[in-house]
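Secondary and tertiary structure notes
Below are the chains, spelled out letter by letter.
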Amino acid sequence: MFSALSQALETALAPEVPKIVDFRHQWAHFLRFYAENKPLSHKSQPVERTYLVFHLNQMLKLLIQEQREVELHSMGPCMEYMINHQVLDILSSLAQADTPPGLRPYIINLFVFLLTKIKQTILPYVNVYYPMRRLLMLSSIVKASPTENQEMLFITSLVTKIKAQPECLTLFAHESLPGEYSRTSSRRSSAASSVMDLSHIEELALAQQAAFDQFQSRHLLVSALLNFLDSADYLVSIKAMDTLLVVCALPDDISALNAVQGTEMLPTLVGRLIRLFEAIPLDLDIGMIEEVRVNWAEAHHFHAQSSSVPDFPGKTELVAFYSWLDFCDSLIKGALDDIADALASEIRSEFLEKIVEAHFMDAREPLEIVQTVAKVTQCWSHIQSRGLAGEFCIWLFGDNTEPELKGVVTHPFKHHVLQLCHHDSQEVVLETLSLYDVVLERPCDPILKSLVLANLQLRGYYNGSLAEASISSWSDEEDEREKLRPGSGLELSPRSRKASPMAGGSRTMAPTNIARVINAWLYMVPDELRSSDLAKDSGYEQYVKNAQTQVASTFKSCEGFNWPSEATFPERSDTLSSDSRPEADPSRQFYEGEFLATLFDMLENLLEQDYEVNLSVTALLAKLAQLPHPHLHEYLLNPTIPIVQGTRTLHTLMQSLLTTIRNETKTIEQLQRKVYVCRKTLLGSESDRIALNLTRRETKVIDGLIILEEFSKEIAAITLVKYHQQNNEIIGIGFSFNLFPKVTGRTKMRSSAISLLFLGILLITCLRAFEIEDNDWAETFDVSDVSESPHVRATRSAEAAKVKRKMIKRKRKRPVNVEESESDKPTSPIVRKVLRRKSDLKPLKVIDAYRNNVTNLAAINQRERDARFFSLFTVVRFNNDECETSTGENGTCYTSSDCSSRGGNADGTCASGFGVCCVFQFECGSTTSDNRTYFVNPPTTQRICNLMINRMNDEICQIRLDFKTFDISDPNAEGKCTTDFFLVTGGSPVPQLCGTNSGQHVIYSITSNSGPTQISMVMDTTITASSSRQWIIRIYQYECSSRVLAPVGCLQYYLTASGMIQSFNYKTDVRANGEPNHLANLNYAICIRVDNGYCGIRYAQPTSDPFSFTLSRDASVAILAFPLPSTGVKYGDADCQSDYILIPGGSEDGISPRFARDRFCGISLGSCMGATPTATTCMAVAGAVTTYSKPFIVQVITDTDEGIPLVDKANRGFRLTYNQQPCLRGR
């Protein structure tokens, strides 16, 4: 009763003040400061000495309380007062003047609050968006502002609001005169205020009024973001870049046009690209340019040693340039067409044509040319957008799609680059060929039209007048096609002419005389000159295997190209006679185009060029041969078609070279022995050329012979694979499924005989199957028993080839005197640049017996038949083992159907081509029971993203999560994961993790009674993340009998005798305000498997990182360097009570038990060491810690609070190397 009375008296004596009254009261007190003080005195005291911030905070609290009480789409009286009385106008003027000093960030934070916390739609009000425009102008004008973090937060909050309300974009991206409004805004605010006279507030902003009046922009968001791109704070810079990508992708064509024409976006972006390119040092190591592959987001953390590329002079400049190029490319890829087209065009005209092209033209020394070509090659490797790729193609190759005329230069720069292939310097030639090799790795229709297809589309190489005379040399199907060509009275249907060759069914690439075509390549080299016969090493099967992967990849890359399916003559015009075709005019000699002409010239010069150049030339020709264009296929791969007299083809050139080689080998003594030795040497075997007294000319001739022999095999393999690709057949399963192809005409009798022969062989094989043990109908094919050819073994030497490539780029030339220095000859494989292609190099045992053998039984001798013919019934059985995809990821070997049914993606082959490397990749809300599953981040951030993991069988005891990529928000100042965190539910405990943990792993155990486990990424999407929020987590399931099973209680388990361990979220840089990197409230074990012959282990800090052990104390003021100071060493129970690692029995040598300690902390790793062997006391000494206590375990303990001021500061965590120590006598 008393309390009720007291409350009634309190209400009567002090009733609750209405919120609007309190709000007006707070605002009046805020303005009184400026009314009662002279303008000059406003600058004399900081804002902390006033009550201005207090009044602003009270106003915000009232707005929050009001928002809770009103409906969602209603507006309370406080908000109405703020809008109608131009409160935000006055605040924006005061933010412009920053009066009193330090007020600006508080005002900006108020605007951020309105954008992020107020749910009502207030942005379209003129008294709201005009003050925000003023703040954007302020951010656009002021450089290196002390409040750039708050300004950037304001811009990102505004962009987030605009994404939700796209119609508001025009408020900040339309034509207006912001300077005019800035002069009148304060006067309108003053006139509208009934509280007091505020006319002199405008005077406070006069210091920047001149800059405002001169400032012109038709897209304030873009202008403000451009100002932050060069910020010294990389977090501000990366947020500006990321936000600029979002703004340029907002769907508004007028705003996009204003961004291009009404801001400095194009000059700013391209100008920075030019400056970074010209900053690259001229003495750069050429061999390292191709090693640098970066993206713009990761590059901003490059100073933290996140790159896997070792340091070298000029690396920083290279990374800066290519990361900025990648950013521009990403912007073009995601922006609206107006912005993308304008920026791509600007890069071509201002950067490529004016800067890079000038470097090409001005370069005179070989080193300068090589460096420029290498940088351009890497530019193409970093370009992924269609727009920039198109402009790059126009710059390098031109946009002319008409046939080239011999001797007529239509694109001078394209001609200049091609002429570098004839340069006197081998390094220049190799680097130029490498440029074209990289370009052809990603087929592009405009590039291919400019390089090769324009001159082939008229089919001028084809001699139609000889078709009837040479009909016996080609197939009946081609005979029918010839009758349907223009001028014959019949036409191919438009559907058959325009169908894509990638869809299959192309008669040009799958003629019925395929055996004749392939044999023309396989038996091009005479028997007496074949080096593979001498070495009993064909290698053809491996070429077929490689071609399967390469052709399939090439066909997939060309799927969007509008290429015809058949090689036909162009449609005849009604005004032209049949004699107007190119081949009808003998004065018009067919010209293959400058690019093919250059390659053919170099191929003709094969016996005079260096070995590495010949490999590069044949690699380019092989890439062209893989393309599914019918004219290119017919011209390069079909030697049976009638050719116009004087026309060079690949087959005629190689025949001419072999004729020259045959004549020169007649004078070579011990020819077969020398050919054998040269082949072994080129394959990397230890062979002595000098003992055979090989002259330089003999070496070049024999090397050229071997190159042609291997090249002809590869061309035959490509032809075969493309044939099967068009027939939708499979090579490598014993026989073709297309057993009885449709035949007509004279082929019917021949096909019937072949079919009867095949059925006879089929019947014999079936009868023999009964003789197999256990009446099994098939023999088990053990992939591991397949023997490899020397070519396959040579291609496995990837590192050797890489070293050879760098040796060439670093100007380590092959010795001229072969007799004196043959040991220095590069030991690269015969298979030219197969190492640079994405191919599975496992051996292939079974090829298509029906197509390759049965149809050719009369054409091959007994030896070849025995070597190539395999069992027609071969049931392949293989385990679902780990395999490697074409991109280097880990997958599981399944059959193609199993992979598809389980939801996986096939990437590469395994089990000698009988299986596919299946990759299981899932995003949010998925479930998996497959081993080696990848859990990846979705394209857009979600609040909770989880993956359910079911055991793949009842024998699973442990699950290991490998963090290939793990980058979410950092912990807060106390080391706790509050914004984002990673969580495992089910199984043994796993701590919550956040920050950057790429390369780390965790292991948790499950029992037979355990249900499914779940891994989750939980993110606060209302807060702008400090990271990219990306993850790729590989999931392994281990059976209880696995040899790599971790001991119970181990969160991490390392299996090698030496390596590196580190704490979660370890970084070499320090966070703002000295906040720690390592996480709070941890208690887990890092275990290391004891290898045989080892009894101890030694932990040490890496010599490249003196801050690699900062667990406790204040590390912000420490200046650490090697040798480390002993003052930072802490150990023992007394000193290490909060954050420490536990190494049982750790000491300097691991032997002296009296000085052994368990706990280690501080800012330097070290131990207690006695001054003499008999000393009874010890002192702290920085250095390694060794222990002979087994098992090898490091326990990591951190307390619940990592943000204790003046105690723990700037602690990064730990990163330690470990090396197991051999057993000592008596241990």
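We now turn to the structure provided with this report.

Observations concerning the overall build of the chain
Secondary structure assignment for the chain yields 41 helices and 27 strands. Looking at the 1227 residues of the chain, the share that counts as buried comes to 54%. By element, 51% of the accessible surface of the chain is carried by carbon and sulfur atoms, the whole surface being about 53900 Å².

Describing the nonpolar core
The biggest cluster of nonpolar side chains holds 223 residues, and the ones touching the most others in it are Phe154 and Phe351. Top contributing element to this core by residue count: helix α34 (residues 696-726), with 14 residues. With residues up to four places along the chain from it excluded, the contact list for Phe351 reads Val270, Leu273, Ile274, Phe277, Phe321, Glu346 and Val356. Among the nonpolar cores identified, the runner-up in size contains 61 residues, and Cys918, Phe1192, Val1196 and Tyr1218 belong to it.

Here we look at the pairing of strand β9 (residues 944-949)
Burial along β9 is one-sided: the face carrying Cys945, Leu947 and Ile949 is buried and the face carrying Ile944, Asn946 and Met948 is not. Where strand β7 (residues 926-928) meets β9, 3 bridges bridge the pair, whose relative direction is parallel. Directly across from Thr928, in β9, lies its bridge partner Ile949. Direction of pairing for β9 relative to strand β13 (residues 1013-1019): antiparallel, over a ladder of 6 bridges. Considered in β13, the bridge of Ile949 is made with Thr1013.

So, a negative patch on the surface
Taken together, the side chains of Asp253, Asp337, Asp338 and Asp341 define an acidic patch exposed on the protein surface. Top contributing element to the negative patch by residue count: helix α18 (residues 337-362), with 3 residues. Overall, the relative accessible area of 58% leaves Asp337 in the exposed class.

Observations concerning the sheet that holds β9
Taken in spatial order, the 4 strands line up as β7-β9-β13-β11 in an open sheet, and their pairing is mixed. Unpaired on one side and paired on the other, β7 and β11 (980-985) mark the two borders of the sheet. Averaged over all adjacent pairs, the angle separating strand axes in this sheet is 15°, with direction ignored.

About the cut-offs
- Per chain, the residues get numbers from 1 upward, laid out in the order the sequence is written.
- Note on the predicted model: pLDDT of at least 70 is required for a residue's local features to be given, and 80 or more for side-chain atom pairs to be given and counted; whole-chain, interface and lining totals, by contrast, use all residues.
- Values reported for side chains reflect all heavy atoms of the structure, with hydrogen atoms and water molecules removed beforehand.
- Strands here are runs of E lasting at least two residues and helices are runs of H or I lasting at least four, both read from the DSSP assignment and numbered beginning at the N terminus.
- Residue burial is assigned from relative accessible area. The probe radius is 1.4 Å, only protein chains are included, and a residue is buried under 20% of its type maximum, exposed over 50%, and partly exposed in between.
- Only the protein chains shown count as covering a residue, and every accessible area follows the Shrake-Rupley method with a 1.4 Å probe.
- Buried Ala, Val, Leu, Ile, Met, Phe, Trp, Tyr and Cys residues that are joined via side-chain atoms within 4.5 Å together make up what is termed a nonpolar core.
- In what follows, residue pairs with any heavy atoms lying within 4.5 Å of each other are defined as contacts.
- Two strands qualify as a pair provided DSSP detects at least 2 bridges between them.
- Patches here are clusters of residues that have more than 30% relative accessible area and form no salt bridge, with a 9 Å joining cutoff for like charges and a 5 Å cutoff for nonpolar side chains (Val, Leu, Ile, Met, Phe, Trp, Tyr).
- By definition here, a salt bridge exists when the distance from a side-chain nitrogen of Lys or Arg to a carboxyl oxygen of Asp or Glu is within 4 Å.
- Positive charges come from Lys and Arg alone, negative charges from Asp and Glu alone, with His and the N- and C-terminal ends not counted.
- Positions of charges follow a simple convention, taking NZ of Lys, CZ of Arg, CG of Asp or CD of Glu.
- Lines fitted to C-alpha atoms define the axes, with helix axes restricted to the stretch in contact, and inter-axis angles between N-to-C directions lie between 0 and 180 degrees.

Note that every value here comes from positions in space, so none of it alone points to a role or purpose.
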